[in-house]
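Results of the structural survey
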Amino acid sequence: MNRKITLLKDENVLSSLTGLIESFDGMQNVYFGDLFLTNKRIFVVSNKLINVEVSLWFEGEKMGNVGHSTLIVGEHRITVRWTYKGNLHHFMKTFQQLNVNP
């Protein structure tokens, strides 16, 4: 899948994955699609069954990770359930390096 996304002028893609992604923000959603990590946000893109594009911006949000495959940005919890393409370990390590407010 890994498609191009529109980035802000000072935004860079640091890592990306394609796979089965679960999102929880009070309601659980499961997507098969791409998960992009930039220096500014996590971006979820899925075009299977329904088209979904979700940006979780880091600015002003608490960030953290739980276990080896779950990321938390504010009230949103993103869990990578299965990876089809990409390196989950690299993705999680890069996210941890961005985490400025533990």
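Structure: above.
Heads up: these notes are all about the structure in this document. Here the structure is a predicted model, which means the values were calculated and not measured.

1. Some thoughts on the packing of aromatic side chains
Under the defined criterion, the tally for this structure stands at 5 aromatic pairs. Aromatic side chains phenylalanine 58 and phenylalanine 95 sit 6.1 Å apart centroid to centroid with 65° between the ring planes, which places their arrangement in the edge-to-face category. Remark: phenylalanine 95 occurs in helix H1 (residues 88–98) and phenylalanine 58 occurs in the loop between strand S4 (52–57) and strand S5 (63–66); sequence separation between them is 37 residues. The buried category is assigned to phenylalanine 58, whose relative accessible area is 9%. These aromatic residues form a ring-pair network of at least three members: Phe32, Trp82 and Tyr84. The ring of phenylalanine 43 has arginine 41 sitting right over it, with the charged end atom 4.7 Å from the ring centre.

2. Here's the deal with the sheet that holds strand S1 (residues 13–24)
Read from one edge to the other, the open sheet built from 7 strands follows the order S4-S3-S2-S1-S7-S6-S5, with strand pairing classed as antiparallel. In this open sheet, the two strands that pair with only one neighbour each are S4 and S5. Strand-to-strand twist across the sheet, computed as the mean angle between neighbouring axes with direction ignored, equals 35°. This element, H1, spans S1, strand S2 (28–38), strand S3 (41–46), S5, strand S6 (70–73) and strand S7 (76–85) of the sheet and lies at about 100° to S1.

About the thresholds
- Residues numbered from 1 in each chain as written.
- Predicted model: local features only at pLDDT ≥ 70, side-chain atom pairs only at ≥ 80, totals over all residues.
- Heavy atoms only, no water.
- Phe/Tyr/Trp six-rings, centres within 6.5 Å; stacked < 30°, edge-to-face > 60°.
- Helix = DSSP H or I, 4+ residues; strand = E, 2+ residues; numbered from the N terminus.
- Buried < 20%, exposed > 50% of the residue type's maximum accessible area, 1.4 Å probe, protein only.
- Lys NZ or Arg CZ within 6 Å of the ring centre and 35° of its normal.
- Pairing = 2+ DSSP bridges.
- Axes fitted to C-alpha atoms, helices over the stretch in contact; angles between N-to-C directions.
- Contact = heavy atoms within 4.5 Å.

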